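# Examining the three-dimensional arrangement
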Amino acid sequence: MKLIAGLGNPGNEYAGSKHNVGFMTLDLLQTSLEADPFKKEKKFNAEISFSEVADEKIVLCKPQTYMNLSGEAVLAVSHFYKISTRDILVIYDDLDVALGKIRIRKSGGAGTHTGMKSVVAAIGEGFPRVRVGIETREALQISRQDAASYVLSPFQKADTSLLKSALDSASQAALLILEGKIDQAMNKFN
């Protein structure tokens, strides 16, 4: 069994925000995998959906803990279904990757992302991740304080095609990673 967690914030006020590209990617995956509809599971504080890829059961997870506590939901789901850390994939927004691009890593630290800090604190660093670019701090020339407001703001209409490209790439990369082809995904998308 494998787990794909997409990070974001619950609630309509955050639905189209830059911080929710993890949720947006999971929505694409849910459709492409013909997975069950997302269902709120109180015991995990997450919305989950199930599918199969090559006879492997897949759990899609959208933590409903708000970003800063995402690790709690990821840990709860992984423990309940006995999913090892190496079989978890996390998809999230990154303010150090250009809009329209993604970056894949096999493992590593959390960087400055609060949701990833929570996940790494909960399960360790030994899991792959897909970072979806929402724009670079350099291009925006914003401070750390301004970054918090930026990630919670909605995408602009002018961003639509780049956002779609990034979400499509993240979804395709996730499917390759599920098939055990992370190196191929890295070569194609990094």
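Please read all numbers here as calculations on a predicted model, not as lab measurements. (Residues numbered from 1 in each chain as written. Predicted model: local features only at pLDDT ≥ 70, side-chain atom pairs only at ≥ 80, totals over all residues. Heavy atoms only, no water.)

### Describing the overall build of the protein
Filter applied, for reference: Numbering goes from the N terminus for both helices and strands, where a helix is a DSSP run of H or I of at least four residues and a strand is a run of E of at least two. We compute the radius of gyration from the C-alpha atoms alone; for a globule the expected value is 2.2 Å times N to the 0.38, where N is the number of residues. For each residue, the accessible area found with a 1.4 Å probe, counting protein chains only, is set against the maximum for its type, and the residue is called buried under 20%, exposed over 50%, and partly exposed in between. The criterion used for residue contact is that any of the two residues' heavy atoms lie within 4.5 Å. Computed with the Shrake-Rupley method and a 1.4 Å probe, the accessible areas treat only the protein chains shown as cover for residues. Counting rule for charge: Lys and Arg are taken as positive, Asp and Glu as negative, and neither His nor the chain ends is counted. We put the charge of a Lys on NZ, of an Arg on CZ, of an Asp on CG and of a Glu on CD.
Counting its regular elements, the protein contains seven helices and seven strands. Along the protein, helices (α) and strands (β) appear in the sequence β-α-β-β-β-α-β-β-α-β-α-α-α-α when read from the amino end. Here the C-alpha atoms of the protein give a radius of gyration of 15 Å, agreeing with the 16 Å that 2.2 N^0.38 yields for 190 residues. Scored against the burial criterion, the 190 residues of the protein give a buried share of 52%. When contacts within the protein are restricted to residue pairs at least 6 apart in sequence, long-range pairs at least 24 apart make up 68% of them. Split by element, the accessible area of the protein, about 9,100 Å² in all, is 48% carbon and sulfur. One way to put it: in the protein the 23 positive side-chain charges average out to a point 2 Å from where the 22 negative ones average out.

### Examining unusual backbone geometry
A positive phi is found at asparagine 45, a non-glycine position, where the angle reads about 55 degrees. Look at asparagine 45 and you get partly exposed, because its relative accessible area is 31%. In this structure, lysine 82 is a non-glycine residue whose phi angle is positive, near 55 degrees. Here lysine 82 lies in the loop between helix 2 (70-80) and strand 5 (88-94).

### Details of the packing of aromatic side chains
Selection rule: Working definition: a ring pair exists when centres of Phe, Tyr or Trp rings (six-membered ring for Trp) sit within 6.5 Å. Plane angles under 30 degrees give stacked, over 60 give edge-to-face, the rest tilted. Here, over-ring charges are defined by two tests on the NZ atom of lysine or the CZ atom of arginine: distance to the ring centre within 6 Å, and angle to the ring normal within 35 degrees.
Scanning all chains against the criterion turns up five aromatic pairs. With centroids separated by 6.2 Å and ring planes inclined at 80 degrees, the aromatic side chains of tyrosine 14 and tyrosine 66 adopt a geometry described as edge-to-face. Here tyrosine 14 is found in the loop between strand 1 (2-6) and helix 1 (21-32), whereas its partner tyrosine 66 is found in the loop between strand 4 (56-63) and helix 2, with 52 residues between them in sequence. Note on tyrosine 14: relative accessible area 21%, which makes it partly exposed. Under the relative-accessibility criterion, tyrosine 66 is labelled partly exposed at 43%. Between phenylalanine 80 and tyrosine 81, the ring centres sit 4.9 Å apart and the planes meet at 80 degrees, which makes this aromatic pair edge-to-face. Sitting over the ring of phenylalanine 155, lysine 18 keeps its end group 5.3 Å from the ring centre.

### Some details on the environment of asparagine 187
Considering the arrangement of structural elements, one finds asparagine 187 in helix 7 (residues 182-189). Take asparagine 187: its relative accessible area is 68%, and that puts it in the exposed class. The sequence separation of asparagine 187 and phenylalanine 23 amounts to 164 residues, and the corresponding C-alpha distance is 24 Å.

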